[in-house]
Structures are given as structure tokens and as C-alpha cells.
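# Tertiary structure, described
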Amino acid sequence: MLRTVLHPGFRHLSLYADGDLDAPARRRVDAHLERCARCRATVVRVRLIDAEARALPAAPLPADLRARVLTRHGAGETVILPLADSPVREPARRRGWIAAAAAVVLALVGAPLVLPRAELEANRSDLVFSPAAPRLGATVQVAYRGGALLAGEERLRLRARYLAHDGLPVNGLGRQAVVAELVRGRDGVFRGAFQLPDSVVYAAFAVEDGAGARVDSNGRKLWELLAHGPDGRPRFEALAQRQFDHMDGQWEQAQENARQAAALYPDRVDAWFNLFFIERRSFTGPAADSALARARARLAEFDRAYRARASLDVESELGIVTRFADEVGDTARYRYWRARLLRTAPNTLWGVQERFYDIARVAERDPRAALAGFDSLWSQVGLGRGAVVYLSVALSLAESTGDAEEIRRWAGRYLRYAPEDEAGVGAALARHPALREEGMERLRARIRALARVDDALRPLERTVTEERRARAEEAQRVLAELGAALLAAGRRGAALDTLERATRTGWDAALFRLVAELRLQGGDTAGAAVPLALAAADPLLGATLGDSARLVLGSRFDAAAWRARVEGARREMRERVLAHATRRRLPARVRLRTADGRTVTLREISGGRPTFVAFWYRYCPPSREQIPQLQRIAAALQREGYTVITLTEPLTPEFRRYLGEQRITLPIYADPWKELEQALDQTGTPNYFVLDGAGNLRFGTLRELTAVPAQMAALAEAGGASASRRESVPDRRPAEHLEGAARGGPREAGRGIEVERGAADGALGVGAVEHHAGDQQRAALHQPLLVRAAIDGDVPAPVRQPDPGVRKHPLPPLRRDPALLVERVREQLLLLHLSSVSG
Amino acid sequence: MPTVSEQQQIRDAELVERASAGSADALGALYDRYAAGVHRLACSLLRSAAEAEDVVQDVFLGLPRALRSYANRGPLEAWIQRVAARTVLMRMRVHRRRREDALVADAAPPARGESPVDRVALERALAALPDALRVVFVLKVVEGYSHDEVAALVGITPETSRVRLFRARKALQDLLS
């Protein structure tokens, strides 16, 4: 019974809060509450939560619901409603079979007759693993029920990305592989089996046809398998690997995963560390403060418990608690644990890391001394799992010293661990006069490598065609890099030739302008007109160029002639951009909800115009970074009369406040029925889609915004001016040499490079180019073009060396800023930690 | 002269009669009066906007036929609310519910530390409760039914209803602390 000397149980406090206790019990609780602040607080909190729950705002009633009900009513539809209260379900042992049968009958009679609704999910498929919670090394049976996508096949391939607990390299090399063949049974279900390698704790899967032409990626979410422990919980390492995997594009899931791991493994310091790791990078403001406070409290608990212990596991305890202390900024504890780590385990991953930091700290003052330190560390202990990170840091540092020998040495070491970064290293080498030839050789090697489609590198969700396209695009960027290197080497002819090649497919306005500049500097105004018109046709760059593009060409074009030329270039843009478009019909009914609670269809919003759809989320760092750019581009698109739809978190008062403070004016919709999400296979943020006016998905799953304006403009062009298509193709047909090279294999690609080499030797090249040097007037006119473009924030500044594009470099380039080195290496090593927690 | 509530009842009785005879106008008028309440109840019980919408449609499509057994038993609004609650409960039993439809995205961050009970966090916590606990919490605390009424609606004993309420509160406190 309830005694006042003890605290009443929560159950009694709950009853008390409701006034549901009998009088004696209530008096006892009253008396207790008089004296006990803790229980008083509990009661207050119960009532507070009750009150808040009652005050929660209701979702607005969709405006079109009434009409839908009445239409269905008018069509004679009816639903049988449950009118009787449910029978009381007694515990099973006391219930006879008659009562049980009666309950079943009642439940059936009472169930509302749900009328069939048109399903969006005609294309949905299902993949079931058995066991669903496998142990390490288990044999797993797979049953795949295909949707429309893979219909008609007899055999399918199951591809997987495996993550091991013992630290595969961070750069994601060679993780994808076909793990099973699935054979269609008489019942239409595809079955197969595979054995999970002992080291694999987490795996993601996709199903594809034998040629990799059609891929079912479960709406880009993939299917997942986590290795489980004997206690039935998913293994901690499996959760850590999943978090790491999701941090590449699915940040929200990664956060959720970290929370789950901490809830399942509250006794593991690495669970809390991983949670804080992602929270610190996700939250701002009060949420960040409370995350930090929580993490500090946790650290203090582990610190107390661990200090009492004579020996600690380096990988999962000692190393982590050291890092944890540093991450939360607890200097005293960091100092203690760091000393202990260096004393007891100096040659482990974590020990080496601390020693690496020590060296890195002097990098700013004395990069050469730091390099010597790295060199000695490298020769003493190797760098183990962290090698790729350390080496990229050392390489950047070497670059900052400008010492050719150092650069060459560290580049060689680094490439052994990160061969896919050959283009990045090549570009870095090419910036150095003494290493330029070697750099260019590496760039060419990378272009040759990109001509092959490597299944070990092809992401699970990508078809072979998509992979080929992505590699062709990268090859083009590397080609531009090579052109820049040739230019720096003073081989103008070869440089121009190479850069022109890079401009022949795709749409890179900055590159068009660079080629135009080079032609102008060479006095070739005729040759400059073509790329300049292309640059002027670009929706973003064109606006900033204005009429200066025409003026720099001298008297060659009057306003009307130039307009016609740009018009032609715009049609070429359409062709080039749409060459990479898909066309997927979206379902007819996709409903969204406006900020003021109305339900509208996608069709109604888009109004037959090209439509840009953006999924963003303020707590996803990659998405947050792009918000300013998203704002600018969305505003520009709206000014041009396009439709913009953005989707993000629910519009709570707090979020509305945030939008006001940040001056975010994006048009925000909600997708409560997930109809748009499903139609687009949307997952993760940031994620952008471009739809045409007819409601087809044309460009999808874009993680970057740069191509969007040209894509929208190309769709508008295609909508308006399709009749004049033939005449629109300018004198130069869009070349397909890179795609051709990719199809034809290395030999074809090699030929492209040889042309460039030939040009360097004077055997081929720009013979037709007129070299009028130094036309003062044109030079003067040329100036404003560069200056105006340079001061515009939306457009990349004029580049002597084109942007290397997306680099696979694990570290952002550090060239001129060794001061940031420690911070960056810390970041990278923490990522490395996530990718390789020990088992 | 009839009071306002008497007027309401007269009007309700008239609508009930016409709606059960199949009048679309009468059904529309009932919808205008009572749909918001049904929707609110369904939302808080199901935590899914899409499902709540389905419930509103089901209830009003079924109303013309169901009203034949109404027979002026108490205020119409309370009767419709009980029908709606039963419809939701049946739905929960019949359909395996999909969690990802929750009204509040799982991804919403825990924005604690602003008010004693953060609204976003509370919505998340409610969505995270097992259906059995949330139903009792919502019916008892939010909708104001007694434990006897909750028990009758849900098909449990009043004592079980009390236990579930306390468990729901405990779970909410844990989720929110």
C-alpha cells in the first residue's frame, strides 16, 4: 500500500493527477507532495503534458475533402460503420471458444468496408531476407517479388554494398558486387541465396537485370541487412556502419540511426560519441547547446567509470573517450586521456592519430618540419587504416611548400591508397611547373580509366547507362583540367584544342567563356563568337554578360545578328541538356498541401510550366549549405515564370520563426500522403528534381543545383520552339566523342588524347586560327566582360584554370591554408572512425 | 422560444432524417458541422494525416446508413465522435499500420529546452507511442472520455484503461526527458 515515507509510484501520481484516487489515498499523496519536490514536479509535469496534448493544433481539414465525400456519396458509395462498442477482450485463458468466435465475427462485421482506391504503387516491389536478423557469416535466403520494372526477366542479379566492421577504406572503393543470382519460380517470386562474409556487419542491396540496364533500388532507399548478435540486437558495428553509409546523402536517417544505436547500446561510449558526432554537425542554436550539454554529461559518466579501471580496450573505449573529450571541448579530461593513450597505446590507430595531430599543429608555422615529422611517423609505424586521410593531408601540406620533390613523394604514397583520385592529384601536380608533365600524364590516365564502366565502382542504384554518362561527364571535367594544364605550360594551341573538345558535349557555361576568352586573347574573334554565344545563351551567365558579349566581338555582329546567334545557341543548349534527360510519367494524382493548409495537386501548382522541386532540410549539413544558393536560384526561376516547389519539415511556429529570421522565402509545400515522395523515389536531402510542363520527370535525384537553370530553360525552349528544331542545329553538331569513347573502350578514348598530343607537337591543331595579336580596342572591351562576370556572386569567377569539378579527394584541398589542417584532419579521422569501429 | 442548443437539436434531427434518406445537401451540412471534429479525433488517434482523411471519408460515406440507428440517442456530435472513434479503432485492428505516415516526420529534431514541453517533441512522442497506449491517452486526456467509456470503446476493462493511461504517461515522460 501507499506509504507517505516512500515516494508514491508513478501510477499513483498519474491517478492523483486525474483525481482518480479514493479519498484516503489522495490525502496520503497530498501529504507526501507537501514535502517532496520531486513528486510535485512529476505531477506538474503529468498535467503539463496533458495540457499540451490537448492544445496541440489539429491538422487543417483538407479543403477538397468535402467535395470528394459528396462525389463518392453521389456515386452511390457507402461504408458500413461500426456502431456497437467493441466486446471486452478478456485474457485468452478465461475466454471460451464461443466468445472468441463471437469477437471475431463482431470485429469483421464492425470493420469499415474500405473501398478499393487507385494505388500509386503499381511499380512497387518487395525483397524479403530470411533470416531477417542474420548472425555474422549467415547464409541468407532472398525472395524478391518484382514490380513492373523488371517484368519479363527469368534471372536477376542481387548486387550488394558490404561494409565490414574492421575498416574498409573511407573512399568507398570496390564495395559493390553481385552476390547472388535470383531465379524466377513458378509463383513469379525470384529466389536466391548468399552467404554474408564473416566480416560484414551491414549490407545494402539492389536488384537488377543481367545487363545492369534496369535497376530496382527500392525507390533509391535500397534494401538493408544488419548483422545481429546472439542477444537478438543488431550489432553495434552494424548500426555504426549504417550511420556512416547514410551520412552520404541520407543525413536524417543517419541521425535516426545514431539515436537508435545509443538507445540500444547505452553502455558503449562509442554509441554516444557517434550520436554527438552527427548531432554536432546537424544542429544549430538551442538544439546544439542541449546536445553538447548531454554529451558532456555522458562523457563525465564514462570518464568516472573508466578512470577506475586499470585496462581499457583501445579501439572501443580508450581511443573513443579521448576523442570524445576533445570533441566536447573538455580540455582537462582530454589531456588526461590523451596522456594515457600515448603512454599505453602509442602505435594503435588512436595513438598514431594523436601523434599525427601533434605534428600537424606545427604545420602552420613550419610545414617542412611537419612533413619531416609525418615522414618519420610513416616510416616507423605506417599509418594503418588512417593512411588515406593522413597522406592526403601530407600531400596538401607538401603542395603548400611548393617543393617538387616533396609533392612527388607524397602524391605517390597517397595514390597507392586512393587510386580513384588520380585526376585530383594530376591537377595538383600540373599546377607545379616541374611536375606539370607528370600531372598531365595522370590526367590522361584518368580519362582512359573513365572510359571503362567498372562494376565495382558503379553505385548500387545506378544503371550501366547512367554510370557511363556520369563517367563521361567526369572525363569531360578532367579534359578541361588537362586543357588548363596545357595552357599553363604555354601550349596554347593544344590547350585550346583540348578545351574545345571539353566543350563539345554537355553544358558548362564557364568553360564556354574560357574558350571564348582564349580565342579573343589570340585575336580570333570569329572563333570566339561560337563559344561566347553559348555562354550568352546560358540562363545565369548570359544575364550577367549582357551586351558586353557582343561588344567584345567588335563590329562583327549588330544587335539583331547577335540575338539570332544567341537564339541558335539557346536551341543548342536545349539539345545538349535534353540529351541527358529522362522522361518518366508521374502519376496523375499527386496531392500536396499548401502552407495555409489547402490541398492542391501537383498539376494545379505547376500549371503546365516546367517545375523545379527541391527537398531540403535545415538540419542536414549538406542541404543547409545549399540553402542560400537554392534561394537565389529559386527566386531567379520564379522571376522567369517557372514553378518552384520545395518540401521540408512541418511548418511549426518554431520553424516559421526560423524561416523569418533566416529570410527564407522559398515556396514550401507539405507532402502528407507521401504521394510526391513516392512518385519521385525521393530519399535524403538535398535532392532536386526538374519536371516538364506535361508532368514528366526529366531530371532527377540531383544533389547539386548548378545545372538546374539550364535544364529549366532547355525545357521551356523545347516546349516553345520545337517546330524550328532542324534549322536550329548550329554549324557545329554536338559531338559525342566522349560517350563514343566510353562505348568504344580505352582505345577510342586514347585517340582523343592523342589528338591533343598531336596538337602540342604542331602536327594537328588550330591551323585555321587567325592570330591577330594585340588589338587594343578589343582588349579594352574585353576587360569589362571579365570584371562584370567576376563580381557577380552567382557565377563562378572567370577561371584561368577551370574548376576541377567534383573531386573524389577525401579532404578539401588545403593548398594555401595549413591553418585549417588540424580541424580538417580531425573531421576526416572521425569519419574514418565511424567507418571502422572495431568489433 | 427554443434555446440555442434546442435549435441545434431540432436542426440536427431534421438533417439526420434527410441525410438518412440520402440527401446530399443534408450530408454536406452535417459534414460542415462535424467533419472538423472527426478529423481532429482521427488525426490525434492515428497520427497520420492520410489515414485521418480516409477516416473522415469513411465516416461521412457511412453516415446516411448509420444514422438510421441513431434514434436521437443523445447529442448528435457525441454520437458521431464515438462512431468515428470506433471506426479508427477498427481500422487500427484491420490494417497493419504504416509508421512512416506519421503526421510528424521522424526526422524532426528534438528541439528541447525552449518550453517545458516542446510541441514538436510531444508530437513525436505521441507518434512513437504504441497504438494501444496512445488510444487510451487521447480518448481519456484529449477527448475527455471517462475510463468506463474508453473501456467500452476500445474493448478493454476500465482497470486496463487506467493501467494503459499510466503507461502512456510514463512513456511520454521518458520520451520527453
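Residues numbered from 1 in each chain as written. Chains lettered and ligands numbered in written order. Predicted model: local features only at pLDDT ≥ 70, side-chain atom pairs only at ≥ 80, totals over all residues. Heavy atoms only, no water.

Within chain A one finds 34 helices and 16 strands. Going through the 839 residues of chain A one by one, you find that 52% of them count as buried. Counting contacts in chain A only where the partners sit at least 6 residues apart, residues at least 24 apart contribute 68% of the total. Surface exposure of chain A reaches about 36,800 Å², of which carbon and sulfur atoms provide 52%. (Helix = DSSP H or I, 4+ residues; strand = E, 2+ residues; numbered from the N terminus. Buried < 20%, exposed > 50% of the residue type's maximum accessible area, 1.4 Å probe, protein only. Contact = heavy atoms within 4.5 Å. Areas by Shrake-Rupley, 256 points an atom, 1.4 Å probe, with all protein chains shown as cover.)

Membership of the largest hydrophobic core comes to 84 residues, with the highest contact counts inside it found for Phe324, Phe374 and Trp410 of chain A. Top contributing element to this core by residue count: helix α14 (residues 387-401) of chain A, with 10 residues. Beyond its immediate stretch of four places on either side in the chain, Phe374 of chain A contacts Phe356, Ile359, Ala360, Val393, Ala394, Leu397 and Trp410 of chain A. Counting 65 residues, the second-largest nonpolar core is a separate cluster that includes Ala85, Leu89, Met92 and Leu153 of chain B. (Core = buried A, V, L, I, M, F, W, Y, C linked by side-chain atoms within 4.5 Å.)

If you walk through the whole model with that rule in mind, you get 67 salt bridges over all chains. Where Arg214 of chain A meets Glu153 of chain A, a salt bridge forms, and the shortest distance between an N and an O atom there is 2.3 Å. Of this pair, Arg214 of chain A sits in the loop between β6 (200-208) and β7 (215-216) while Glu153 of chain A is found in the loop between β2 (139-145) and β3 (155-164), placing the two residues 61 residues apart along the sequence. Salt-bridge contacts for Arg698 of chain A lead to Asp692 of chain A; the nearest nitrogen and oxygen are separated by 3.1 Å. Residue class for Arg698 of chain A comes out buried when judged on its relative accessible area of 10%. Take Asp692 of chain A: its relative accessible area is 8%, and that puts it in the buried class. Linked by salt bridges that have partners in common, Asp64, Arg68, Arg589, Arg591, Arg593 and Glu675 of chain A together with Glu53 of chain B make up one network. (Salt bridge = Lys/Arg side-chain N within 4 Å of Asp/Glu carboxyl O.)

In this assembly, 70 residues from chain A lie in contact with 78 residues from chain B. When the two sides are added together, the surface that chain A and chain B hide from each other amounts to roughly 6,400 Å², 60% of it contributed by carbon and sulfur. Connecting chain A to chain B are 8 salt bridges. Note that Glu53 of chain B is salt-bridged to Arg591 of chain A, the shortest N-O span being 2.9 Å. Listed by contribution, the elements that provide at least two residues to the side of chain A that touches chain B are α1 (10-17), α3 (37-55), α4 (65-74), α5 (97-110), α7 (251-264), α9 (285-307), β10 (591-593) and α27 (653-661) of chain A. When its residues are assigned to classes, the side of chain A that touches chain B shows 38 nonpolar, 8 polar and 24 charged. (Buried area = accessible area lost by both parts, 1.4 Å probe. Nonpolar A, V, L, I, M, F, W, Y, C, P; charged D, E, K, R; others polar.)

Residues and elements named next belong to chain A. Burial of the side chains of strand β5 (residues 190-195) is restricted to one face: Phe190, Gly192 and Phe194 are buried, whereas none of Arg191, Ala193 and Gln195 on the reverse face is. Note: strand β4 (residues 176-184) against β5, 2 bridges, orientation antiparallel. Considered in β5, the bridge of Arg184 is made with Phe190. With antiparallel pairing between neighbouring strands as the criterion, β4 and β5 make up a hairpin whose turn holds 5 residues, including Gly188 at a positive phi of roughly 85 degrees. (Pairing = 2+ DSSP bridges.)

Another aspect to go through is the confidence of the model for chain B. Taken as a whole, chain B shows an average pLDDT of 80; of its residues, 80% reach a score of 70 or greater. A low-confidence stretch, residues 97-115 of chain B (pLDDT under 50), is modelled with 54 contacts involving residues beyond four sequence positions or located in other chains. (pLDDT = per-residue confidence, 0-100.)

Quick look at the packing of helix α18 (residues 464-488) of chain A against helix α19 (residues 492-502) of chain A now. Residues and elements named next belong to chain A. It is the contact of α18 with α19, at a shortest axis distance of 8 Å, that shows an interaxial angle of 165 degrees. It follows from the interaxial angle that α18 and α19 lie roughly antiparallel. Crossing hand, α18 versus α19: left-handed. In this structure, α18 uses Gln476, Leu479, Ala480, Leu482, Gly483, Ala484, Leu486 and Leu487 to contact α19, whose residues at the interface are Arg492, Ala494, Ala495, Thr498, Leu499, Arg501 and Ala502. (Axes fitted to C-alpha atoms, helices over the stretch in contact; angles between N-to-C directions. Parallel < 35°, antiparallel > 145°, perpendicular 65-115°, else oblique. Left-handed = near helix turned anticlockwise from the far one by under 90°.)

Residue and element names in this part refer to chain A. Inspection of the secondary structure assignment puts Glu649 in the loop between β13 (643-647) and α27. Residue classification places Glu649 among the buried positions, given a relative accessible area of 9%. Within the structure, the side chain of Glu649 is placed 2.7 Å from the side chain of Arg618, a separation counted as a polar contact. Not counting chain neighbours up to four residues away, the residues in contact with Glu649 comprise Tyr617, Arg618, Tyr619 and Phe655. (Polar contact = N/O pair within 3.5 Å; in protein donor to acceptor, adjacent residues only side chain to side chain.)

Below, the discussion takes up helix α11 (residues 331-344) of chain A. Residues and elements named next belong to chain A. End to end, α11 covers 20 Å across 14 residues, agreeing with the expected 20 Å (1.5 Å per residue, within 8%). Among the residues of α11, Tyr334, Trp337, Arg338, Arg340 and Leu341 are the ones counted as buried. The arc that holds the buried residues of α11, viewed along the axis, is 165 degrees, so those residues lie on one side. Exposed and facing more than 90 degrees away from the buried side of α11 are Thr331, Ala332, Arg335 and Arg343. Each element contacted by the buried residues of α11 is listed here: α9, α10 (314-327) and α12 (349-361). (Expected span 1.5 Å × (residues − 1). Arc of directions from axis to C-beta.)

On to the packing of aromatic side chains. Residue and element names in this part refer to chain A. Using the criterion set out here, one finds 21 aromatic pairs over all chains in the structure. With a centroid separation of 6.0 Å and 15 degrees between ring planes, the pair formed by Phe655 and Tyr658 is classed as stacked. One end of the pair, Phe655, and the other, Tyr658, are both in helix α27, 3 residues apart, so they sit about a helical turn from each other. Accessibility expressed as a relative area gives 0% for Phe655, which makes it buried. According to the relative accessible area criterion, Tyr658 is buried, its value standing at 12%. An aromatic cluster of three or more residues is present, and its members are Phe302, Tyr306, Tyr336 and Trp337. (Phe/Tyr/Trp six-rings, centres within 6.5 Å; stacked < 30°, edge-to-face > 60°.)

Before going further, it helps to spend a moment on unusual backbone geometry. Residue and element names in this part refer to chain A. A cis geometry characterises the amide bond from Ser130 onward to Pro131, with omega recorded as 0 degrees. Among the structural elements, Pro131 can be located in the loop between β1 (126-130) and β2. The phi dihedral of Arg663 falls on the positive side, at around 55 degrees, and the residue is not glycine. Within the secondary structure, Arg663 sits in the loop between α27 and β14 (668-669). Its identity is not glycine, yet Lys674 carries a phi of approximately 60 degrees, on the positive side. Within the secondary structure, Lys674 is located in the loop between β14 and α28 (675-680).

Residues and elements named next belong to chain A. Spatially, 6 strands are ordered β9-β16-β15-β12-β13-β14 in an open sheet, and the strand pairing comes out mixed. Edge positions in the open sheet fall to β9 (584-585) and β14, since each of these has one partner strand only. Across 5 bridges, the pairing between strand β12 (residues 611-615) and strand β15 (residues 687-691) is antiparallel. Residue pairing for β15: Ala614 is matched across the bridge by Tyr688.

Moving on, we come to the packing of α9 of chain A against α11 of chain A. Residue and element names in this part refer to chain A. Following both chains from N to C, one finds α9 and α11 inclined at 40 degrees, their axes separated by 12 Å at the closest point. Considered as vectors, α9 and α11 are oriented oblique to each other. The hand of the α9/α11 crossing is left-handed. Across the interface between the two elements, Leu299, Ala300, Asp303, Tyr306 and Arg307 from α9 touch Arg333, Tyr336, Trp337 and Arg340 from α11. Residue composition of the contact of α9 with α11, by class: 5 nonpolar, no polar and 4 charged.

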